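Letter by letter, the chains look like this.
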Amino acid sequence: MDRLRAMELFLSISQTRNFSETARRFGISATGVSRMITDIEDELKVKLLLRSTRQVALTESGQEYARQLEGILWRINELQANITAISSAPQGLLRVHSRMMFGLGVLPPLIASFRKLYPEIHIELTLGETAADLRRSQIDIDFRISPPVEAGVKRRMLFQSDRYLVAAPAYLAGRPALQAPEDILAHECLAYQLPGDEYTWLFKQPAQTSAIAFKPRHVSNNGIALLELARLGEGLALLDDYTVHNDLRQGRLVRVLGDHRISNKGFDEGMYATILDTPIIPAKIRLFLDFVAEHVAGPELRFSAHSKPAGLDAPPAA
């Protein structure tokens, strides 16, 4: 019995619940598929599938076997791809996922410059406000604002950032002064949508941390929308420092309560490049990570990288 092929067939059946569909996928007969599954069950001495004329169901043993096979077969395929990549020039599809603000304000000009150095690497950029499931979504790199917590991944911190409470000068004109955290309760607040019904900002000074709950004027799950609402004078918005840097410099926004560190979740945020923890990092991933880090890593580069023109100078290829 070809054990590896039998494993692939069983995993396909666990996903499709259909022998005929699996047979079409692998170009063999449904009878051949059934025979190999029976061989697996005989070898393991356990029933993996419950078959009837109408449906196929997994036993408890079958569910556990399928769960573990998914990771095993993924690692085998990844190992083959990695070994192939070592012996060839950097090429292929690089799937990148990013938080919205970083993905729009920082990555496009970097991708354009990276292409000039490595034209055979094609980048597929997907943006979203939640962390990607790297394995299930087949994502190579995920740029996150919080450190990853799941097992089987490793991170590279590009920079640590703060969040600034900002508003348009026209909004602040004639309104109560903001001198302490509780003063936000006399203002319109623009909140980022998080699970739950209560909205709270955390205010931290060396001696103490306070949490102020408020009722927001507007709520959005998109930082760009909150930035634009703040520019329009709709209220106070809590945004990453590097995303409002140019607005502050040009006077479109004003920072308030600057003597506090402020967050809506925690104070360990920044930008983390997250990849799967594999024995070998494919060349296309390593090259792109190094390129991005060269342009944005560190406390100052994060400010200059945001909204940098697409014609930024690229370093010579190594």
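Preceding block: the structure.
Quick look at the structure, then. Bear in mind the structure is a predicted one, so any value in this text is a computation, not a measurement.

### Comments concerning the side chain of Asn222
Phase 1: When you line up the elements, Asn222 lands in the loop between β11 (218-220) and α9 (223-231).
Phase 2: Residue contacts for Asn222: discarding those within four places in its chain leaves Met100, Glu129 and Tyr192.

### A short note on the pattern of salt bridges
Phase 1: Under the counting rule described, the total for this entry stands at 20 salt bridges.
Phase 2: Across the pair Asp277 and Lys154 runs a salt bridge, and its minimum N-O distance is 3.8 Å. Here Lys154 lies in strand β6 (residues 153-160) and Asp277 lies in the loop between β15 (270-276) and α11 (283-296), a separation of 123 residues in the sequence.
Phase 3: We note a salt bridge from Arg261 to Asp162, for which the minimum N-O separation is 2.9 Å. Of this pair, Arg261 sits in strand β14 (residues 261-263) while Asp162 sits in the loop between β6 and β7 (163-167); the two residues are 99 residues apart in sequence, bridging distant segments of the chain.
Phase 4: Of the residues examined, Arg261 reaches a relative accessible area of 30% and is grouped as partly exposed.
Phase 5: Overlapping salt bridges bring together Arg163, Asp240, Lys265 and Glu269 as one network.

### A look at helix α2 (residues 19-26)
Because each turn of an α-helix spans 3.6 residues, side chains separated by three or four positions in sequence point in the same direction.
Phase 1: Among all positions in α2, only Phe19, Thr22 and Ala23 are buried. All buried residues of α2 fall inside an arc of 100 degrees around its axis, so they share one side.
Phase 2: By the N-cap criterion, in which a side-chain oxygen at the helix start approaches the backbone nitrogen of a residue two or three places on, α2 is capped by Asn18, the distance to Ser20 being 2.8 Å.
Phase 3: Of the residues one or two after α2, Gly27 is the one with positive phi, at around 70 degrees.

### Things to note about the packing of aromatic side chains
Phase 1: Summed over the entire model, instances satisfying the criterion amount to nine aromatic pairs.
Phase 2: Both rings, one in Phe102 and one in Phe143, keep their centres 5.4 Å apart while their planes meet at 40 degrees; by these two values the pair is tilted. With Phe102 in helix α5 (residues 100-105) and Phe143 in strand β5 (residues 141-144), this residue pair connects regions lying 41 residues apart in the sequence.
Phase 3: Phe143 gets classed as buried once you look at its relative accessible area, which sits at 0%.

### Focus: the pairing of strand β3 (residues 92-98)
Phase 1: Where β3 meets strand β4 (residues 121-127), seven bridges bridge the pair, whose relative direction is parallel. Within the sheet, the bridge partner assigned to Leu94 lies in β4 and is Ile123.
Phase 2: Alignment of β3 against β5, held across three bridges, turns out to be parallel. Note that in β5 the partner of Ser98 across the bridge is Phe143.

### What about the nonpolar core?
Burial of nonpolar side chains together is a common tendency in soluble globular proteins.
Phase 1: Core analysis: the largest hydrophobic core is formed by 28 residues, its most contacted members being Phe102, Ile141, Phe143, Leu158 and Phe288.
Phase 2: Mapped onto this core, the elements with two or more residues apiece are β3, α6 (107-117), β5, β6, β15 and α11.
Phase 3: At eight residues, α11 tops the list of elements feeding residues into this core.
Phase 4: Excluding residues within four positions of it along the chain, Phe102 makes contact with Leu107, Phe143, Leu158, Phe159, Tyr242, Met271 and Val296.

Thresholds, definitions, all that
Residues numbered from 1 in each chain as written. Predicted model: local features only at pLDDT ≥ 70, side-chain atom pairs only at ≥ 80, totals over all residues. Heavy atoms only, no water. Helix = DSSP H or I, 4+ residues; strand = E, 2+ residues; numbered from the N terminus. Contact = heavy atoms within 4.5 Å. Salt bridge = Lys/Arg side-chain N within 4 Å of Asp/Glu carboxyl O. Buried < 20%, exposed > 50% of the residue type's maximum accessible area, 1.4 Å probe, protein only. Arc of directions from axis to C-beta. Polar contact = N/O pair within 3.5 Å; in protein donor to acceptor, adjacent residues only side chain to side chain. Phe/Tyr/Trp six-rings, centres within 6.5 Å; stacked < 30°, edge-to-face > 60°. Pairing = 2+ DSSP bridges. Core = buried A, V, L, I, M, F, W, Y, C linked by side-chain atoms within 4.5 Å.

All quantities given are derived from atomic positions and should not be read as evidence of function.
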